[in-house]
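Read off the chains here:
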Amino acid sequence: MSTLVSTVQTGFEVDKVREDFPVLKQKVHGKPLVYLDNAATAQKPLAVIAAIRKFYEVDCANIHRGVHELSQRSTAAYEQTRIKVKQFVNARAKNELIFVRGSTEGINLVASSWGRKCVKTGDEIVVSAMEHHSNIVPWQMLCEEKGARLRVIPIDDRGELLMEEYVKLLGPRTRMVAVTHVSNALGTVNPVREIVELAHKAGALTLIDGAQAAPHMKVDVQALDADFYAFSGHKMFGPTGIGVLFGKAKLLNAMPPYQGGGDMIRTVTFEKTTYNELPYKFEAGTPNIAGGIGLGAAVDYVNRVGLDKIAAYEHELLIYGTAALLQVPGLRLIGTAREKAAVLSFVMEGIHPHDIGTVLDRMGIAVRTGHHCAQPVMDRFGVPATTRASLAFYNTMAEIDALAAGLRKVKEMFA
Amino acid sequence: MVDDLYQELILDHSKRPRNCHPMEGANRHAEGFNPLCGDKLQLYLNVENGIVRDASFMGSGCAISTASASLMTESLKGKTREEAIRLLDKFHDLLTTDTPAAKDLGKLVVFCGVRDYPARVKCATLAWHTLRSALEGVDAPVTTE
């Protein structure tokens, strides 16, 4: 069986890891669930579900406040995640990691706090043509407010950044370069180290949207030298509503708070408030405590499986999936970058993605259809929408075979 | 089964849509857009003395939205404005309620399967929302940009 082939090639025991994900054991419309929508959200292993359950059953209390036992336990568990995340992305210190709702809030925090203080009329913010709306709109809003200009790095037909065009965009007015590490719509893995280095030479800061990278590859914020790096818990097998913004401490210290409230203050009088130290300055109000603890369990889980093994196996799935889909008549892949994550975005001649998605769903196969919150990418490729199969390490080659067979059925129905 | 949704008549109209062309001499025009899926639709009507003399559409969409627009334009011809609005309401009920299909829906009952696919209701109703805005517009030559 093809599943066995993968086991032989990378030594990755996919059948064993699938046991960790209860959601995968169900049938949908009478067929075994084939979950290929991991770029939207990933499924949760038992370890994450158990950690959240334990918090609510045993340790539930607010954090950073009480002297009582439960409050101390919940504070310790929540802060333990910060240490785990620090190691996970190799930050210098744990106070460089701010808990947010997800990548979107992380980007908004920087655009709002750093942007309001540091961006002036005539300044420029650089994004790329493959950004998710969450890494376009906050900058657009900032530019509108400040009279600054949004510049866009174009991409080629493969879905790769045109680096020579990027260099031309950089100048004395560039304040920030905000690009994605991995494109959610195309799968492109961007040369982030090089992008950051060029931005720094031009005197600009960098924010990397790591939502699609963190679950699939080793991220080292020090090696990348990124000034800010944002990612979401739910895409890396953790809960929804929790994410992380990494920022270099000296930048975060110089930035004004994002939101005001409890926990972010040191002293409050009606005349003046002094702010708490990092990272609490940016964490107003009771946070998503259960989510934070669940994220810690997700980090542990991913470390246990091993990101190197995950990346190798997913690459194998990508190669297999690319070959399988290209054999489907009339199918065209959107996003064929040389460096790619396991995302297969495609169109089929004369067949709308929504019809593809509905027919596949009735076969138990979950894919995403639409613009993937990246309308400029759709415009660039001249398509209104695509169908996207995005893979995770619990997917199998047999599931890719099921997808290809499903697409042949779609072709028969609508051709 | 998925065949309940994609019945033969729907597949036929999606592959070979009727009245799918811009209209010379249209006096009502409206544009429909579904931002969720990017589907766009232009609807053209020729309404004289309160009667829909001709109807056509242009657009890009899924099989459900294309077939819905195609069958809608077929069923509109010869109807009064009021009859067209009543048909619109009955079609909407067909997709969103459990009430039995109205008898005078004719071929349009083929869309009854859509109610089991809540994510697809908007695909089937795009043309009809566009119809409402075309009928509520004023008699004026269509501006072609």
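### Focus on the overall build of chain A
Alright, step 1. Helices and strands together make up the secondary structure of chain A, namely 15 helices and 17 strands.
Alright, step 2. Whereas a compact globule of 415 residues would reach a radius of gyration of roughly 22 Å, chain A reaches 22 Å, a difference of no more than 12%.
Alright, step 3. Taking the principal axes of the C-alpha coordinates as reference, chain A spans close to 70 × 55 × 35 Å.
Alright, step 4. Taken over 415 residues, chain A has a buried fraction of 51%.
Alright, step 5. By sequence separation, contacts in chain A at least 24 residues apart represent 70% of the contacts at least 6 residues apart.

### Quick look at the interface of chain A and chain B
Alright, step 1. Of the residues lining the interface, 13 residues belong to chain A; the matching set on chain B comes to 15 residues.
Alright, step 2. Secondary structure elements with two or more residues in the side of chain A that touches chain B: helix H13 (353–361) and helix H15 (397–414) of chain A.
Alright, step 3. Looking at which element gives the most residues to the side of chain A that touches chain B, the answer is H13 of chain A, with four residues.

### Quick notes on the sheet that holds strand S3 (residues 51–60) of chain B
All names here are of chain B.
Alright, step 1. A sheet is described by the order of its strands in space; here three strands give the open sequence S1-S2-S3, paired in antiparallel fashion. The two strands at the open ends of the sheet, each matched to only one other strand, are strand S1 (28–34) and S3. The mean inter-strand angle of the sheet, taken between neighbouring strand axes irrespective of direction, is 15 degrees.
Alright, step 2. As paired elements, S1 and strand S2 (residues 39–48) share seven bridges and run antiparallel to each other. Bridging from a neighbouring strand, Glu31 pairs with Gln42 of S2.
Alright, step 3. Contacting S2 and S3, helix H2 (residues 63–76) runs over the sheet at an angle of about 165 degrees to S3.

### Examining the sheet that holds strand S8 (residues 205–209) of chain A
All names here are of chain A.
Alright, step 1. Spatial strand order, S4-S10-S9-S8-S7-S5-S6: seven strands in an open sheet with mixed pairing. Because the sheet does not close on itself, it has two edges, and the strands there are strand S4 (97–100) and strand S6 (149–153). Taking each pair of neighbouring strands and ignoring which way they run, the sheet shows an average axis angle of 20 degrees.
Alright, step 2. Both strand S7 (residues 174–180) and S8 contribute to a ladder of five bridges, which runs parallel. Bridge pairing in S8 links Val177 to Thr206.

### Some words on H13 of chain A
Alright, step 1. Most of H13 of chain A is tucked away, with eight of its nine residues classed as buried.
Alright, step 2. Those residues of H13 of chain A not exposed but buried are Pro353, His354, Asp355, Ile356, Gly357, Thr358, Val359 and Leu360 of chain A.

### Things to note about the pairing of strand S9 (residues 228–232) of chain A
Residues and elements named next belong to chain A.
Alright, step 1. Along S9, five of the five residues are buried, which leaves the element largely enclosed by surrounding structure.
Alright, step 2. Residues Phe228, Ala230 and Ser232 line one face of S9 and the alternating positions Tyr229 and Phe231 line the opposite face, and both faces are buried.
Alright, step 3. Across three bridges, S8 lies against S9 in parallel orientation. Across the sheet, residue Leu207 finds its bridge partner in S9, namely Phe228.
Alright, step 4. In this structure, S9 lies alongside strand S10 (residues 243–247), joined through five bridges in antiparallel fashion.

### What to know about helix H11 (residues 289–305) of chain A
Residues separated by three or four positions in an α-helix point in the same direction, a consequence of the helix having 3.6 residues per turn.
Residue and element names in this part refer to chain A.
Alright, step 1. Its 17 residues place the ends of H11 25 Å apart at the C-alpha level, agreeing with the 24 Å of an ideal helix rising 1.5 Å per residue.
Alright, step 2. For H11, the tally of buried residues reaches 14 of 17 residues, placing the bulk of the element in the interior.
Alright, step 3. Of the residues one or two after H11, Gly306 is the one with positive phi, at around 100 degrees.

### Considering the domain arrangement of chain A
All names here are of chain A.
Alright, step 1. Here chain A is partitioned into domain 1 (2–32 + 306–414) and domain 2 (49–303).
Alright, step 2. Put simply, the middle of domain 1 and the middle of domain 2, counted by C-alpha atoms, are 28 Å apart.
Alright, step 3. Every contact between the two is made by 19 residues of domain 1 and, on the other side, 22 residues of domain 2.
Alright, step 4. Looking at the side of domain 1 that touches domain 2 residue by residue, the class counts come to eleven nonpolar, four polar and four charged.

### Considerations on unusual backbone geometry
Residues and elements named next belong to chain A.
Alright, step 1. The omega torsion across Leu278 and Pro279 is -5 degrees, close enough to zero to call that bond cis.
Alright, step 2. Even without being glycine, His29 reaches a positive phi, approximately 50 degrees.
Alright, step 3. Tracing the chain through its elements places His29 in the loop between strand S1 (27–28) and strand S2 (31–32).
Alright, step 4. Here His29 falls in the exposed class, since 12 other C-beta atoms lie within 10 Å of it.
Alright, step 5. A positive phi angle, near 55 degrees, is found at Asn90, a position not held by glycine.
Alright, step 6. Along the chain, Asn90 turns up in the loop between helix H4 (69–89) and S4.
Alright, step 7. Residue classification places Asn90 among the partly exposed residues on the basis of 14 C-beta atoms within 10 Å.

What counts, and at which threshold
- All residue numbers refer to positions counted from 1 along the written sequence of the respective chain.
- Numbering of ligands from 1 and lettering of chains from A proceed in the order in which they are written.
- Totals for whole chains, interfaces and linings use all residues, but because this is a predicted model, local features are given only for residues with pLDDT of at least 70 and pairs of side-chain atoms are given and counted only at 80 or more.
- Under the scheme used here, helices are H or I runs from DSSP no shorter than 4 residues and strands are E runs no shorter than 2 residues, and both carry numbers assigned from the N terminus.
- The reference for a compact globule is 2.2 Å times residues^0.38; the radius of gyration itself is calculated from the C-alpha atoms.
- Residues with at least 20 neighbouring C-beta atoms inside 10 Å of their own are called buried, those with 12 or fewer are called exposed, and the rest are partly exposed, where every C-beta is derived from the backbone.
- Two residues qualify as a contact pair if the distance between their C-beta atoms, derived from the backbone, is within 7 Å.
- Here a strand pair is declared whenever DSSP counts at least two bridges between the two strands.
- Orientation is described by lines fitted to C-alpha atoms, with helices fitted over the stretch in contact, and by angles between N-to-C directions that extend from 0 to 180 degrees.
- An expected span of 1.5 Å times one less than the residue number is assigned to each helix.
- For every domain, the bounds stem from an assignment made automatically or drawn from a database.
- Following the grouping adopted for this structure description, the nonpolar residues are Ala, Val, Leu, Ile, Met, Phe, Trp, Tyr, Cys and Pro, the charged ones are Asp, Glu, Lys and Arg, and the polar ones are all others, Gly among them.

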